[in-house]
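# Architecture and fold: a report
Spelled out, the chains give:
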Amino acid sequence: MASLPAGSVDYFLNKRHLPSSQVERVPDIDELEDEEQDFGVAPSSLRSANFMPPGHDYGVFESSVASFPAVQSPLFSPVYQELERISASKLGERSDKAEALRKKLLRNSNVLVVQGGYSGKKFIYDRLKSLGVNVTIMDGPDSFWKTEAEEGRLHGFIEIDFSETSTVLQRAIEIVAIVNTKFDAVTTYYEDAVPLATRLAHALGFELNPVEACDIARNKRKTREALKASGLPSPAFYPIHSERDLDPAIRTVGFPAVLKPAYGAASLGVYKVEDADEAKRMYGEIMATLTPELDPIWTQGTEIILEEFYDGDEFDVDSKHSRVQSCSSRPTAA
């Protein structure tokens, strides 16, 4: 987010830091030479890292992107040249050796983060820095992260105006093409930026999830539909595009239920409703706030969904994947 809209609340710095004695130590560069050889990597080849493989022709995934030539990052580091010798199955396996190698591959890599998000995400970038990752954040001129970069807590900062959404992708590509840093990956930790980050990564030629999959993940209704189509247990839900959809939504879902914007984040506009009158009243209140003037996230859409309310313990599951297969996962109670 380039700047905080009026009335919004910035989040405090994440307090969930472990004591230094409990933080997992990152292996030094000179360590684990034997483990490198176990994976078919030449000893000491991991001193400079590019961990993303080259991209390939993804086809025309959107007309606004297809007209841009790919700005392929030159991935010619020693590690990149060794990647073909590393077994993908070994690199993605669940083992201490594979985890150590993955961390070594991160060292000295250059990662572009599209929009840094609120200041509470600082612990993410601090952790990346401790892993040896050079983080550059692309954000607006009033961003908190511009100061962080100026004071040396980030590797770099790229300033861009996000207000002109129709041209922001083209301008982002042009800027990245001329900066001195050659990036090894493009990512984001901010939900608003997922559509731009995935399109920019594809335009640069990186291998990642399809644009369509990322768009589905950013829309709660599309996510529910995809999970249901895959045969996974899903709550009852109904899309609401206007007031006339409220009655069929209520008949389909019942109560208690949850009203939420399909493109929301950080629980913005999410309300539990107990009956039809409350659902209709809260729908009006939610819709009154879904304007780009209040928050630019709503430029992506103002669709609402009504879904079944589930009561009980809540768990978050963080998972690392390599070529679809899970490398590790960790559930935590919310």
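Residues numbered from 1 in each chain as written. Predicted model: local features only at pLDDT ≥ 70, side-chain atom pairs only at ≥ 80, totals over all residues. Heavy atoms only, no water.

## Notes on the pattern of salt bridges
So the rule is basically this: By definition, a salt bridge exists where a carboxyl oxygen of Asp or Glu is found within 4 Å of a side-chain nitrogen of Lys or Arg. A run of H or I in DSSP becomes a helix once it reaches four residues, and a run of E becomes a strand once it reaches two; helices and strands are each numbered from the N terminus. Under the scheme applied here, a residue whose accessible area is under 20% of the maximum for its type counts as buried, over 50% as exposed, and between as partly exposed, the area being computed with a 1.4 Å probe on protein chains only.
Applying the stated criterion across every chain, the model contains 13 salt bridges. Between D215 and R199 there is a salt bridge, with the nearest N and O atoms lying 2.7 Å from each other. With D215 in helix α10 (residues 211-217) and R199 in helix α9 (residues 194-203), the pair connects residues that are 16 residues apart, well separated along the chain. Residue R199 is classed as buried on the basis of its relative accessible area of 10%.

## Regarding α9
The element α9 is largely enclosed, with a buried count of 10 among its 10 residues. Just downstream of α9 lies G205, where phi reads positive at about 90 degrees.

## A word on the nonpolar core
The cut-off we apply is this: Among buried residues, those of type Ala, Val, Leu, Ile, Met, Phe, Trp, Tyr and Cys that are joined through side-chain atoms within 4.5 Å constitute a nonpolar core. Contact between two residues is taken to exist if any of their heavy atoms lie within 4.5 Å; hydrogens are not considered.
L112, V114, M138, V176, V186 and L200 are the most contacted members of the largest nonpolar core, which has 22 residues in total. Looking at this core, the elements that each hand over two or more residues are β1 (110-114), α8 (168-178) and α9. Sequence-distant contacts of V176, that is, excluding residues within four places in its chain, are made with L112, M138, F183, L200 and L204. Of all hydrophobic cores here, the second largest spans 18 residues; its members include I240, M282, I286 and L290.

## A look at the sheet that holds strand β4 (residues 185-187)
Threshold: In this description, strands pair whenever DSSP reports at least two bridges between them. Simply put, an axis is a line fit to the C-alpha atoms, just over the touching stretch for a helix, and the angle between two N-to-C directions goes from 0 to 180 degrees.
One open sheet accounts for 4 strands, arranged β3-β2-β1-β4; its pairing is parallel. The open sheet has two edge strands, β3 (156-159) and β4, and neither has a second partner. For this sheet the average axis-to-axis angle between neighbouring strands, irrespective of direction, equals 25 degrees. Alignment of strand β2 (residues 134-139) against β3, held across 4 bridges, turns out to be parallel. If you follow M138 over to β3, its bridge partner there is I158.

## Focus on the sheet that holds strand β6 (residues 257-261)
Taken in spatial order, the 4 strands line up as β5-β8-β6-β7 in an open sheet, and their pairing is antiparallel. The sheet terminates laterally at β5 (237-240) and β7 (271-273), the two strands that pair on one side only. Across the sheet, the mean angle from the axis of one strand to that of its neighbour is 25 degrees, orientation sign disregarded. When β6 meets strand β8 (residues 304-308), the two strands line up antiparallel, connected through 5 bridges. What sits directly across from K260, in β8, is I305. Packed on one face of the sheet, helix α11 (residues 220-229) meets β5, β6 and β8 and runs near 145 degrees to β5.

## Re the side chain of E307
Along the chain, the position of E307 falls in strand β8. Residues in contact with E307, not counting those within four places in the same chain, are R224, A236, F237, V253, A257, V258 and K260.

## Considering the side chain of K260
Just so we agree on the cut-off: For this analysis, a polar contact is any N or O atom pair within 3.5 Å, provided that within protein one partner can donate a hydrogen and the other can accept it, and provided that sequence-adjacent residues contribute only side-chain to side-chain pairs.
Structurally, K260 can be placed in strand β6. When its relative accessible area of 14% is taken as the criterion, K260 is described as buried. A polar contact is formed between the side chain of K260 and the side chain of E307, at a distance of 2.9 Å.

## A word on the packing of aromatic side chains
Where we set the bar: Any two rings among Phe, Tyr and Trp, with Trp reduced to its six-membered ring, count as a pair given centres within 6.5 Å; such a pair is stacked if its planes are under 30 degrees apart, edge-to-face if over 60, and tilted if neither. Comment: the charge-over-ring label is applied if NZ (Lys) or CZ (Arg) is within 6 Å of the ring centre and within 35 degrees of the ring normal.
Evaluation of the coordinates by the stated rule reveals 3 aromatic pairs. Taking 5.9 Å as the distance between ring centres and 75 degrees as the angle between the ring planes, the aromatic pair formed by Y125 and Y189 counts as edge-to-face. Of this pair, Y125 sits in helix α6 (residues 122-130) while Y189 is found in the loop between β4 and α9, placing the two residues 64 residues apart along the sequence. Judged by relative accessible area, which is 2%, Y125 ranks as buried. On the basis of relative accessibility, which here comes to 31%, the residue Y189 falls in the partly exposed class. Pairwise contacts between aromatic rings join Y125, F144, W145 and Y189 into one cluster. In this arrangement the basic side chain of K272 is found over the ring face of F309, its NZ or CZ atom lying 4.2 Å from the centre.

## Topic: helix α12 (residues 246-253)
Within α12, the full set of buried residues consists of L246, P248, A249, I250 and V253. Elements in contact with the buried residues of α12: β5, β6, α13 (276-289) and β8. Phi turns positive, to about 75 degrees, at G254, one or two residues after α12.

## Quick notes on unusual backbone geometry
The step from F255 to P256 runs through a cis peptide bond, and the omega angle for that step is -5 degrees. We note that Q115 has phi near 60 degrees; this positive angle belongs to a residue other than glycine. Residue position: Q115 is located in the loop between β1 and α6. Overall, the relative accessible area of 9% leaves Q115 in the buried class.

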